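Fold and contact review
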Amino acid sequence: MKNLIAVSMFATVMSFGIVSSVAYAGEVPCEDMLKDVRAAIETAKLSDADMKKVTDLETKGIERCNADDDKRADGFFTDAMKIMGK
């Protein structure tokens, strides 16, 4: 009986994880935004100070993207694109 309860609890927890993952599926994948940022950096003509800001934002975005925090990652990438005028 204890095993049945444990299995039931595990299944409930796992299904919650699947449901919460599906809920975030509507966000733009940060990997796509990162590709856009990197392409823009290739052609950007920025001052050293602005390029440092962009690379710092890119680094922060990558960190959040690796943590599966697409919303915050996309925010950093959007800020970087604004500095580059994109």
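Residues numbered from 1 in each chain as written. Predicted model: local features only at pLDDT ≥ 70, side-chain atom pairs only at ≥ 80, totals over all residues. Heavy atoms only, no water.

Let us now look at the packing of helix H2 (residues 30-43) against helix H3 (residues 48-66). H3 packs onto H2 with a crossing angle of 160° between their chain directions and a minimal axis gap of 11 Å. Classed by the angle they form, the pair H2 and H3 counts as roughly antiparallel. The handedness of the crossing between H2 and H3 is left-handed. Contacts between H2 and H3 involve Cys30, Glu31, Leu34, Arg38 and Ile41 from the first element and Met51, Val54, Glu58, Ile62 and Cys65 from the second. Classifying every residue of the contact of H2 with H3 by side-chain character gives seven nonpolar, no polar and three charged. (Axes fitted to C-alpha atoms, helices over the stretch in contact; angles between N-to-C directions. Helix = DSSP H or I, 4+ residues; strand = E, 2+ residues; numbered from the N terminus. Parallel < 35°, antiparallel > 145°, perpendicular 65-115°, else oblique. Left-handed = near helix turned anticlockwise from the far one by under 90°. Contact = heavy atoms within 4.5 Å. Nonpolar A, V, L, I, M, F, W, Y, C, P; charged D, E, K, R; others polar.)

The next thing to look at is the nonpolar core. Counting 15 residues, the largest nonpolar core has Val37, Phe77 and Met84 as its most contacted members. For this core, the secondary structure elements donating two or more residues are H2, H3 and helix H4 (70-83). With six residues, H2 is the single largest residue contributor to this core. In this structure, Val37 is in contact with Phe77, Met81 and Met84, ignoring residues within four places of it in sequence. (Core = buried A, V, L, I, M, F, W, Y, C linked by side-chain atoms within 4.5 Å. Buried < 20%, exposed > 50% of the residue type's maximum accessible area, 1.4 Å probe, protein only.)

Here the structure, examined in full by the defined rule, presents four salt bridges. Residue Glu58 is joined to Arg38 by a salt bridge in which the shortest nitrogen-to-oxygen separation is 3.2 Å. In this pair, Glu58 is assigned in helix H3 and Arg38 in helix H2, connecting sequence segments 20 residues apart. For Glu58, a relative accessible area of 13% puts it in the buried group. Under the relative-accessibility criterion, Arg38 is labelled partly exposed at 43%. (Salt bridge = Lys/Arg side-chain N within 4 Å of Asp/Glu carboxyl O.)

Before going further, it helps to spend a moment on the state of the cysteines. Tallied over the full model, the rule gives one disulfide. Each sulfur in the disulfide pair Cys30 and Cys65 lies 1.9 Å from the other. Every disulfide takes its handedness from the sign of the S-S torsion; for Cys30 and Cys65 that torsion is 75°, giving right-handed. On the criterion of sequence distance, the pair formed by Cys30 in helix H2 and Cys65 in helix H3 is long-range, its members being 35 residues apart. (Disulfide = S-S within 2.5 Å.)

For the rest of this paragraph, the subject is the environment of Asp36. Tracing the backbone shows Asp36 in helix H2. For Asp36, a relative accessible area of 43% puts it in the partly exposed group. For the pair formed by Asp36 and Phe77, sequence separation is 41 residues and the distance between their alpha carbons is 8.7 Å.

Moving on, we come to H2. In this model H2 runs 21 Å from its N-terminal to its C-terminal C-alpha over 14 residues, within 8% of the 20 Å that 1.5 Å per residue would give. Turning to H2, its buried residues are Cys30, Met33, Leu34, Val37, Ala40 and Ile41. Axial view of H2: buried residues confined to an arc of 125°, hence all on one face. Residues of H2 that are exposed and angled more than 90 degrees away from the buried face: Lys35, Glu42 and Thr43. (Expected span 1.5 Å × (residues − 1). Arc of directions from axis to C-beta.)

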